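Listed below are the residues making up each chain.
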Amino acid sequence: MTAVGGCVMDPVGISATDEPVQGPQMPRDVSAAALAALPRGMSPQFLIKDGADCYGLALEASDPVRGVPLLNDAGQQVCDA
């Protein structure tokens, strides 16, 4: 795991081999708050979740996954309670 913009991201869906990478995979239990905070037109498959149950948006298919925190309308990072 690594801290990216205040959000620790797990390397989900990333391959260290030469095989094609499918990209990040959406966390299994995505909250309604996270789905509501997604930018218009962005697929939920870009959602990533850190060890503190806070969401981010995957921006790079890297190892580890890099992204930015998912913010709600109030500018707060979306986290599961």
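Parameters and conventions
- Residues numbered from 1 in each chain as written.
- Predicted model: local features only at pLDDT ≥ 70, side-chain atom pairs only at ≥ 80, totals over all residues.
- Heavy atoms only, no water.
- Helix = DSSP H or I, 4+ residues; strand = E, 2+ residues; numbered from the N terminus.
- Buried < 20%, exposed > 50% of the residue type's maximum accessible area, 1.4 Å probe, protein only.
- Contact = heavy atoms within 4.5 Å.
- Areas by Shrake-Rupley, 256 points an atom, 1.4 Å probe, with all protein chains shown as cover.
- Pairing = 2+ DSSP bridges.
- Disulfide = S-S within 2.5 Å.
- pLDDT = per-residue confidence, 0-100.
- Axes fitted to C-alpha atoms, helices over the stretch in contact; angles between N-to-C directions.

Observations regarding the overall build of the protein
Argument step 1. Helix and strand content of the protein: 1 helix and 5 strands.
Argument step 2. Ordering the α and β elements of the protein from the N terminus gives β-β-α-β-β-β.
Argument step 3. Out of the 81 residues belonging to the protein, those deemed buried represent 32%.
Argument step 4. Counting only contacts in the protein whose residues sit at least 6 apart along the sequence, the fraction spanning at least 24 positions is 44%.
Argument step 5. Within the structure as shown, the protein displays about 5,100 Å² of accessible surface, and the carbon and sulfur contribution to it stands at 50%.

Thoughts on the pairing of strand β4 (residues 55-60)
Argument step 1. Bridge count for strand β3 (residues 47-49) against β4 is 3 bridges, and the pairing is antiparallel. When the bridges of β4 are listed, K49 appears paired with Y55.
Argument step 2. In textbook terms, the turn of a hairpin is the stretch between consecutive antiparallel strands, and for β3 and β4 this stretch comprises 5 residues, one of which, D53, has a positive phi near 65°.
Argument step 3. Between β4 and the antiparallel strand that follows it, strand β5 (residues 66-69), lie 5 residues.

Regarding the state of the cysteines
Simply put, disulfide is the name for a covalent bond between the sulfur atoms of two cysteines.
Argument step 1. For the structure on display, the rule yields 1 disulfide.
Argument step 2. The partner cysteine of C54 in its disulfide is C79, sulfur to sulfur 1.9 Å. With the S-S dihedral at roughly 100°, the linkage between C54 and C79 falls on the right-handed side. Placement of the pair is C54 in the loop between β3 and β4 and C79 in the segment after β5, with a sequence separation of 25 residues.
Argument step 3. Classification of C54 as buried rests on a relative accessible area of 9%.

Details of the confidence of the model for the protein
Argument step 1. Averaged over all residues, the pLDDT of the protein equals 77, while 67% of them reach at least 70.
Argument step 2. The low-confidence segment residues 6-21 (pLDDT under 50) makes 41 contacts with residues lying over four places distant or belonging to another chain.

Looking at the pairing of β5
Argument step 1. Where β4 and β5 come together, 4 bridges link them in antiparallel fashion. Pairing of E60 across the sheet is with R66, part of β5.

Details of the sheet that holds β3
Argument step 1. Spatially, β3-β4-β5 is the arrangement adopted by the 3 strands of the open sheet, whose pairing is antiparallel. Whereas interior strands pair on both sides, the edge strands pair on one side only; in this sheet they are β3 and β5. Across the sheet, the axes of successive neighbouring strands diverge by a mean angle of 50°, strand direction being ignored.

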